[in-house]
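Each chain, written out:
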Number of protein chains: 2
Amino acid sequence: QPFTIPFRTPSDCGAEEFFDISSLSCVRCGPNQRRSTTGLSCVCQSGYKTVTTDKASISCEKCLPDKPGVTKDGFGCIRCPGGLNNDGKCQCPPGDVLVERGLNGTLLEEARCETCDEDSPALSVPNRNGDRCERCLAAYVNTSCACKSPNVPGGGLCFPPGILSTNVNPTVTYSQLKFSVQSAWFLENLYSSSSACFGFSNLTACQALGNMCVMNMHSFSSASTDACGLFNTIFRFMGALSSTQGISYWRANLPWLYYGDEPGLASRMQTDPVPIGFSFRGKNKNTDFRLLAAVYDVRGEFLRWEQVGGQNLQLCPQPKTKQAAAFSFGTAYKESCVLSVAQLFATHPEPLFYDVFLDLGGGANTKLLPLPTLIQNQQYNGRFINQESMNNWYFSRRMFLVDTLSGREKSTSSQPKVIRVASSVKIRFQLVPRTQEGKVFPPLMTVTYTDVLITDLNAQTVATTFAVEYEMDQSEARLKTDIALGVLGGVAVLYSLLKTISWKRRIASSLIDLETMVKFLLFYAGDLANVFFAVTVGTGLYWLIFYKAQRFVSVLLPLPAQEEQFVTYIGCAFALKAVQFLHKLALQVTVDIFLIDWERPRTKTNRSVPVSGESKHDTSPVSIWRTYFVANEWNEIQTIRKISPTFQIMAVLFFLEVLGFSNLALRDPWSNLQRSPEEYTPSYSLTLRYGVAATLWLCIGLLQVIFFTVFYAHFVEDKIRQFVDLCSVSNISVFILSYRCFGYYIHGRSVHGHADTNMEEMNNNLRREAESLCAQRGLLPNTEVQTFQVSLTGRLGLQYKRIQESISRRNQPSRLTDASALSSLEPHFKAYQAMNHFLGSVIDHAHSDMDYIVKDKLMFENVIGMEFLEPTEKSIFYNDEAHTFSNVLYYGNEATLLIFDTLFFCVVDLGSQSFVLAAVLTYVQQVIFRFLRNSLGRKNLANKTLVDERFLI
Amino acid sequence: QPFTIPFRTPSDCGAEEFFDISSLSCVRCGPNQRRSTTGLSCVCQSGYKTVTTDKASISCEKCLPDKPGVTKDGFGCIRCPGGLNNDGKCQCPPGDVLVERGLNGTLLEEARCETCDEDSPALSVPNRNGDRCERCLAAYVNTSCACKSPNVPGGGLCFPPGILSTNVNPTVTYSQLKFSVQSAWFLENLYSSSSACFGFSNLTACQALGNMCVMNMHSFSSASTDACGLFNTIFRFMGALSSTQGISYWRANLPWLYYGDEPGLASRMQTDPVPIGFSFRGKNKNTDFRLLAAVYDVRGEFLRWEQVGGQNLQLCPQPKTKQAAAFSFGTAYKESCVLSVAQLFATHPEPLFYDVFLDLGGGANTKLLPLPTLIQNQQYNGRFINQESMNNWYFSRRMFLVDTLSGREKSTSSQPKVIRVASSVKIRFQLVPRTQEGKVFPPLMTVTYTDVLITDLNAQTVATTFAVEYEMDQSEARLKTDIALGVLGGVAVLYSLLKTISWKRRIASSLIDLETMVKFLLFYAGDLANVFFAVTVGTGLYWLIFYKAQRFVSVLLPLPAQEEQFVTYIGCAFALKAVQFLHKLALQVTVDIFLIDWERPRTKTNRSVPVSGESKHDTSPVSIWRTYFVANEWNEIQTIRKISPTFQIMAVLFFLEVLGFSNLALRDPWSNLQRSPEEYTPSYSLTLRYGVAATLWLCIGLLQVIFFTVFYAHFVEDKIRQFVDLCSVSNISVFILSYRCFGYYIHGRSVHGHADTNMEEMNNNLRREAESLCAQRGLLPNTEVQTFQVSLTGRLGLQYKRIQESISRRNQPSRLTDASALSSLEPHFKAYQAMNHFLGSVIDHAHSDMDYIVKDKLMFENVIGMEFLEPTEKSIFYNDEAHTFSNVLYYGNEATLLIFDTLFFCVVDLGSQSFVLAAVLTYVQQVIFRFLRNSLGRKNLANKTLVDERFLI
């Protein structure tokens, strides 16, 4: 069994026990003893004198009947002139002092009761112990210590009559709780403070009166006799001539509580900047500001100058290093916590009052700037003026943090009915517009008090907040954004119109119908999305760069409330981009595609074997496997992109979360990536978060595009180029129509005539080509251009469409029964052959009425994406070395995909404030759309080329 | 210009100015006045008496020459018996009192100097103000207040001679700084405290002596006269009979400082559990423990019982809610911070001493358990015994936090030379082994003091830590782990031997050479990695489940120091797994593969055309495109897996970081996933982190495997099945040799005889098969089994190898010049044809000496991965419907890959404590290895099958 001891406290011990501080237990006192008031030792019972022995413990001896009283020090017995009190000591009449010893310390035989001489010149009263006469305090009446009529007693002092009416109103109003309290403190001190202040210009009395006004929330009505009413009466009486420090709101001897009662002062305060400038870096770096407070106690005594922060305004317990961040300019600071009322009671038995100033520096000639304070609870004639519009605000000065005093009703030591806590203290800096030197207007302090009705002291809590905010006028930035949006939006309309016209031409239609309108809106959605995206990324980047990199402070971040419009713009960009993305997806999975097989059956005109005339038509079938191969490869390149989307996500996550780029989005002016956990971490700015994430996403995306199109495509593999090569080698051309009369053509006719051969010949062919022993691959002789944009004449388009329809009509009825399917497939293969033959002959210029010409596209045509020439007589094949046929694949729409992903990532992040979640959801979104695009694209391919889906693996 | 005021403090004002608390500026005093000591008001100059006027300001009047002295209260003039002092007041000889007023308060004409009667019975001395005689304090000699020889004065008291030798040693030793200080406090109080304690059993004196010993780090040597030496002298003198509370180390009147000086007590303390049990959940939930401290001041006064936490032991400023977590059982708590020395000075002018107890509860009969304390700085005969092994430890009691007193050299109010701070306070709970009721041994408190040499008070800082740790004896768990490792390791040896034997058989060799040894080690690496992995995941999961879900506390997490072995095991698992993975990779990219084309040239024996005898050999070449297609598809399935590795990473990240599963790894007993930022966040346990991450990774991986093999493969696509189908349709068989005489065969002979045909016939063929109008695909007639494991006879293997070598020999010389390449390719194609013909004829049973049989594999053979039959006469084709040929692909090695990824993820996370970084690096690792596997695999494929790499896209 381990050592244990019973738990005993001094109050657990009985009346004749004391608490032994050595053994932590209760021990019985000696005879005739009882425990002392502390409980830690024993004293003699009443009527017994203490006799010291040589040991520490005392012994007690009964006083003899002739000297029955025990002296005050307890060590002797004495005869008493009057009676004995309950403690067994001598008792004198009230107002008298008890004298037990002579001047040289010898104990008298009999104690004496002396009456103190109250009148001038002695002016003496008994001291606190009642054993001596002392001079009474100077108390405005210097004829006698007693306050005789007509003098007026008040607050322990004595006033000559006629200074102020004694009819003062000692109530404190708790407007949140809708009741008033007759405060014991006010009852005791309001009249005396105001009289002493008014009648005798007593400095502490004036401060005490001011404090009472502050405890009453600075509230006043024009004619009242409460604390603020009395203060204002005295203030007006003082007259403007007696103003202090050249400030007309501050009268001599009085504390400065109000900034006059003229409304509209709030806006006028914001015209003169503070004569210091803040700078984030460089040799003039100046970010820390210092707030000083003159601290007064409730009696009006000046205690000290105190630097604000830490114990005084920052009530929440936080490490010093974190709390110091509140006074670093530009760092949005907020600390909140819930404090127990019991604890506030212990730490704030009496309220302290703070007059807060901003230290302007200047060495020995340091200047201070008084901070105007906005008390949210202040009432004027019963109205909460400071909760109304800024024009009605009344500024004031002086605040307190916790007031447990004014709510005491019976006496100043009873438990209060209500306590008041400054539940929110907010200091707001406003930047001077267009400043280049970090000038600010005088900061404004906003204080909100909460009235707490005391019901259960130990269980009650109160929430408090301390915040420092930085604000600048955002209207200019907003205007610029709106102008940019307007201008670019206009350009977008024009561009969309152009696209619509181009589209009309490509479908060979000139009717303006509902479809045209819808198409215009779809194009416009995409362009407008780009505009919104450009403007929002620009804005995000602007704040990121200008806020984080500025030297002298010239811009400050928008407050969360000012960011709403920005977030709306991002939402618009995302929604519109999604429309564009889905539109493109829908176009891609319905594109017309046909694989032209140039291979002709091998007749007997085989090089190695002599031909026999009769077997002219004796052909082995052309193998379909090359078509399968090409279709399979086309199926595989549908969703390849110029970037690796997963690597993109991983890289962004790595930069944001591992390298700490997300710390750039914190609301402070520092641009270091790693923050120690001891530092204060401000909240995130949505603007910066968006700016960092979008910029990072775009940059990494751009780097990836460059890497994949420049390095990877040249040195590792280029899937698009490989596909074109494959077409050439396999003797298969690809004909793609994205609109009725516009599309792409990949010329894949083998330069060797045949591709359907064995491995040896294939390799020989490849080698001959590598050694340039054969013709070039181009459509025109001696050219290498294999890829074209084609602009068809209406007739050709129509013809194509007709054959195409008979190829893909099988969808509807054929799958009812297998038997019917078998028979119904026949016409499709016929149509397939017809199409193969038709397109082949068109390319071979066999149809004179559907002939075509090959030309280069103008640069400008490429830029605006529209053909100037209308193909009326002949179709036009535009040389296209840039492989723009990838426009019907993911590959050619990297910009749209990248922006869509960026916006998706950012929108999720703005909603959840979690980059990891955004990354995961972006990945899931990509997987889903890629799966959709792949399976729908495969279905479409199978449908349009008749290649069985089983070969598209 | 905004309002500004100059900054003035009371000390800025001149000698004839006072600080006006209303205007916060300096104001000149009236005539004959100077400022008071506070600087906030004016007082009369010396020699002037104060005259109150009706206004608040005073006026001063010079005292007339006949009464030149000013009274002490300043309001009157008086004649002095002696001279005047500097303040212009009367001066009396030292030891005399100055009397200015009569008993009733009237001012005397002339002041009187009175000498106090020191002797019994008056026993009076001047009071503090020097204006009155009072009884002197009881001070062990009760004949006179003066301490006359032979009595010994000490510490303001007077002792009779012969109690103790006055030769005491008042030095405090700072062993970290290697010097001693003659402490003013010790000088003043050491003798008096020890005398009063020893001679008069004075309780506070004994405590004060004990406190001095504590300030001296409990250090003592057997014969010394410093504080602890004196304490021990008195302790021994007291004798065992006077022990307090039944505890022999605690003597009456003395504080309890030591647990005796017998070594080895530390281990004996750990035999009796504390009589309370902790429980994490359920209706007996009991997690909060309460520490109580008896607080004494440096003078030995008992101040109060105080609950430990918050202001006393937890020096770092932290929110209350966080600090409370320190006293929640099972939550590893640690707070550290750097405190400024100046601040410690302000808050701890004198040290407080704490006797800490654990509250055992029990209502009115509450019991307390004293916490043994281990002072790291304690010296015994100059040795730091408590920094040595546990057997030498000396426990003690009583501690302090900050001692700014003992280092003061000149006087007790001078600035100290050194201060001492309890820089580390650690409370450690040790669980009773095999407890089911949450029993613990008495917690041990370990205190480390730091000596800070004061050089620059305002700049110096000191780091402090407060920690609560929970520990249990891990030797049993470790033993179990080791047993598991040993047993499983033995099994692994056997299994690896089996694998090696199987391998020897498969390469048709029976020699035990170096290669065999290496191979054995490689197999063993893989198996041992699995063993380590199983054991570590098991351990992690064990702790996760048993620690987080237990009701009554029965296990506690291993401390970070105890986790080293565990981390080593994980490292081993990872390293060994990496070896296995690289081995498998190397095997896979060197596998032998050949595509057998069954298609025979179409002779004139075409169904539709009559045959002419002469053109018997007139064949069109067999198209190579089907082979290209199959090779291309084989290339594509090389790195597909049974899971999506990226989805795996994303899902794990989502669970860990977004859903908050990472919070399960915190060192506290709670299993909720979301923690509020106001709560205390303990550190992470590596064991739990590994447990959570590995379990999550395996579970998600398993779910994915199930999803992809069951759902996805059936309803969406199964790449492996598709490949086998493709072989069948394309009339191509695949022959794979992973070892010389062991491999896989995919039978792909078309049931239609020809596959090299046009689209129409292909579709007809497919339809006929779907309608079961043709033969089945199997190798044996009327079977469907297309995939086989093959076990070759040595002869067949040799023959294959010979032809294979001539196919792939081109690697070495051919690429020197293109011209030579052209010619040198010829033999390869010959060899290709030969191989095609050879394998075809083997499958067709055309070689009687290389015949084969088809049979089923035994279940047990499958389980241990070894064939019992040795193929001596005939090769054996084992039916293999499970597609085990995927063993030469990623697909068939999912377990290895998944475990490798898991270990990679966990190892990165253990190293960096960042799941995001682990996820990113795991992704990068996967991409790199996939790229390697793909490109090396493609090269191998091109090499072995002669398919040009350009077709493997």
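Draft legend 1. Representation of the relation of the copies chain B and chain A. Least-squares fitting of chain B to chain A yields an RMSD of 0.6 Å, with the superposition described by an axial translation of 0.2 Å and a rotation of 179 degrees. Each copy turns onto its partner about a two-fold axis. Comparing interface residues between copies, 99% of those in chain B also sit at the interface in chain A, which points to an isologous, same-surface contact.

Draft legend 2. Structural view of the state of the cysteines. Under the defined criterion, the tally for this structure stands at 20 disulfides over all chains. Two residues share a disulfide in this structure: A:Cys213 and A:Cys228, whose sulfurs sit 2.0 Å from each other. With the S-S dihedral at roughly 100 degrees, the linkage between A:Cys213 and A:Cys228 falls on the right-handed side. A residue pair is termed long-range when its members are at least 10 positions apart, and A:Cys213 in helix H2 (residues 203-215) and A:Cys228 in helix H3 (residues 227-238) qualify at 15 residues. Residue A:Cys213 shares its accessibility class with A:Cys228, and that shared class is buried. Between the sulfur atoms of B:Cys63 and its disulfide mate B:Cys77 the distance is 1.9 Å. On the sign convention where negative is left-handed, the bridge of B:Cys63 and B:Cys77, at about -80 degrees about the S-S bond, is left-handed. With B:Cys63 in the loop between strand S7 (58-62) and strand S8 (69-70) and B:Cys77 in strand S9 (residues 77-78), the pair connects residues that are 14 residues apart, well separated along the chain. Overall, B:Cys63 belongs to the buried group, its relative accessible area being 9%. Here B:Cys699 stays unpaired: no disulfide links it, and the sulfur of B:Cys906, its closest cysteine neighbor, is 12 Å away. Unpaired in terms of disulfides, B:Cys774 finds its nearest cysteine sulfur in B:Cys727, a separation of 17 Å.

Draft legend 3. Examining a nonpolar patch on the surface more closely. Taken together, the side chains of A:Leu702, A:Leu703, A:Ile706, A:Phe707, A:Val710, A:Phe711, A:Phe715, A:Val716 and B:Phe931 present a nonpolar region at the surface, about 910 Å² in accessible area. At seven residues, helix H12 (residues 686-715) of chain A tops the list of elements feeding residues into the nonpolar patch. Residue position: A:Phe707 is located in helix H12. The exposure class of A:Phe707 is partly exposed, given its relative accessible area of 37%.

Draft legend 4. Spatial organisation of the interface of chain B and chain A. Counting residues at the interface gives 154 residues for chain B, matched by 154 residues for chain A. Between chain B and chain A the total buried area reaches about 13,300 Å² when both faces are included, carbon and sulfur atoms providing 66% of it. By the criterion of area lost to chain A, the three top residues of chain B are B:Phe3, B:Trp625 and B:Met759, representing 7% of everything that side buries. Summed over the shared surface of chain B and chain A, the result is four salt bridges. Here strand S24 (residues 367-370) of chain A pairs with strand S1 (residues 5-6) of chain B via two bridges, running antiparallel. The partner of A:Leu368 across the bridge, within S1(B), is B:Ile5.

Draft legend 5. Fine view of the side chain of A:Asn202. Topologically, A:Asn202 is positioned in the loop between helix H1 (184-200) and H2. Note on A:Asn202: relative accessible area 17%, which makes it buried.

Draft legend 6. Representation of the pattern of salt bridges. Across all of its chains, the model carries 76 salt bridges over all chains by this definition. A salt bridge links B:Glu867 to B:Lys857; the shortest N-O distance between them is 3.1 Å. Here B:Glu867 is found in the loop between helix H17 (859-864) and strand S36 (875-879), whereas its partner B:Lys857 is found in the loop between strand S35 (852-855) and H17, with ten residues between them in sequence. For the pair B:Glu867 and B:Lys857, a shared accessibility class is recorded, and that class is buried. The network of salt bridges with shared partners includes A:Arg721, A:Asp725, A:Glu769 and A:Arg777.

Draft legend 7. View of the sheet that holds strand S31 (residues 592-597) of chain A. All names here are of chain A. Read from one edge of the open sheet, six strands run S31-S32-S33-S34-S36-S35, paired in mixed fashion. A single partner strand is all that each edge strand has here, and the edge strands are S31 and strand S35 (852-855). Within this sheet the neighbouring strands show an average axis-to-axis angle of 25 degrees, counted without direction. Pairing between strand S34 (residues 787-791) and strand S36 (residues 875-879): four bridges, direction antiparallel. Pairing of Val790 across the sheet is with Phe877, part of S36. Relative to S31, helix H10 (residues 625-636) is tilted by about 150 degrees, and along the sheet it contacts S31 and strand S32 (732-739). Sitting on the sheet, helix H15 (residues 794-808) is in contact with S31, S32 and S36, with an inclination near 85 degrees to S31.

About the thresholds
Residues numbered from 1 in each chain as written. Chains lettered and ligands numbered in written order. Predicted model: local features only at pLDDT ≥ 70, side-chain atom pairs only at ≥ 80, totals over all residues. Heavy atoms only, no water. Least-squares fit on C-alpha atoms with pLDDT ≥ 70 in both. Contact = heavy atoms within 4.5 Å. Disulfide = S-S within 2.5 Å. Helix = DSSP H or I, 4+ residues; strand = E, 2+ residues; numbered from the N terminus. Buried < 20%, exposed > 50% of the residue type's maximum accessible area, 1.4 Å probe, protein only. Patch = residues over 30% accessible without salt bridge, like charges linked within 9 Å, V, L, I, M, F, W, Y side chains within 5 Å. Areas by Shrake-Rupley, 256 points an atom, 1.4 Å probe, with all protein chains shown as cover. Salt bridge = Lys/Arg side-chain N within 4 Å of Asp/Glu carboxyl O. Buried area = accessible area lost by both parts, 1.4 Å probe. Pairing = 2+ DSSP bridges. Axes fitted to C-alpha atoms, helices over the stretch in contact; angles between N-to-C directions.

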